[in-house]
Amino acid sequence: MADVKLAAETRTEFGKGAARRIRRENKVPAVVYGHGAEPVHVTLPGHQLQLALRTANVLLTLDIDGKTELAIPKAVQRDAIRGSLVHVDLLTVKSGEKVTVEVYVHTEGELAPGAYLLEHVLSTLTVEAEATHIPESVTVSIAGLEAGAAILAKDIPLPEGTTLVIDEDAVVLQVLAAQAEEASAEEAETTEA
């Protein structure tokens, strides 16, 4: 899991105009909340935050007015056209605290020879893990699976200290037989002639 340090500046101006001024300076408005404390409105460096958010479930170490806080992204708003960051909500966490997050499911290996398709019923798993040891993803082998095979949530190996939050019998991946398209009437007549 990645740990990124960011310098955060507290902000006192709110609203659309203030947020636009912040973004023009290549910074991102954000709110840090959690543990029953009052939300803290901050400004974060835009480029560094953009790079940090490329890693799933990144742990951010924020320096807010000389005080260090650990936080994870809870909600990220992006501009629909440019894709730039508009606003970020961050949840404070403590070392040793359990948090519920979603981790991506990656596959490795090849299906059995034949016309088979792999369907990703769930692309992420909801798990509970220690805030400082959140896995970026989980990997499952699909080597040699044939049509009708399914991988359930309980079949996916999780890192130590990580537990499933979703139903363990939930289907995550399943293998389907590829179906040939039936020839239309016109195509059938053309091949007969």
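Scoring rules and cut-offs
Residues numbered from 1 in each chain as written. Predicted model: local features only at pLDDT ≥ 70, side-chain atom pairs only at ≥ 80, totals over all residues. Heavy atoms only, no water. Helix = DSSP H or I, 4+ residues; strand = E, 2+ residues; numbered from the N terminus. Polar contact = N/O pair within 3.5 Å; in protein donor to acceptor, adjacent residues only side chain to side chain. Contact = heavy atoms within 4.5 Å. Buried < 20%, exposed > 50% of the residue type's maximum accessible area, 1.4 Å probe, protein only. Pairing = 2+ DSSP bridges. Axes fitted to C-alpha atoms, helices over the stretch in contact; angles between N-to-C directions.

A. Looking closely at the side chain of Thr-124. As for its position among the elements, Thr-124 is in strand β9 (residues 124-130). A polar contact of 3.0 Å, which involves the side chain of Thr-124, links it to the side chain of Glu-102. Residue contacts for Thr-124: discarding those within four places in its chain leaves Glu-102, Val-103, Tyr-104 and Val-105.

B. Inspection of the pairing of strand β10 (residues 137-141) at higher detail. Only one face of β10 is covered, namely the face carrying Val-138 and Val-140; the face carrying Ser-137, Thr-139 and Ser-141 is uncovered. Pairing of strand β7 (residues 98-108) with β10 involves five bridges; the strand directions are parallel. If you follow Val-105 over to β10, its bridge partner there is Val-138.

C. Representation of the sheet that holds β7 within the structure. Taken in spatial order, the four strands line up as β10-β7-β9-β12 in an open sheet, and their pairing is mixed. At either margin of the open sheet sits one strand with a lone partner, and together these are β10 and β12 (163-164).

D. Structural context of the sheet that holds strand β3 (residues 37-45). Pairing is mixed around the closed barrel formed by six strands, whose spatial order is β1-β3-β2-β6-β5-β4. The sheet shows a mean angle of 45° between the axes of neighbouring strands, taken without regard to direction.

E. Quick peek at the pairing of strand β1 (residues 3-10). The pairing of β1 with strand β4 (residues 59-64) spans six bridges and is parallel. Following the sheet pairing, Lys-5 is matched in β4 by Thr-61. Of the pairings in the sheet, the one linking β1 to β3 comprises two bridges and is antiparallel in character. Following the sheet pairing, Glu-9 is matched in β3 by Thr-43.

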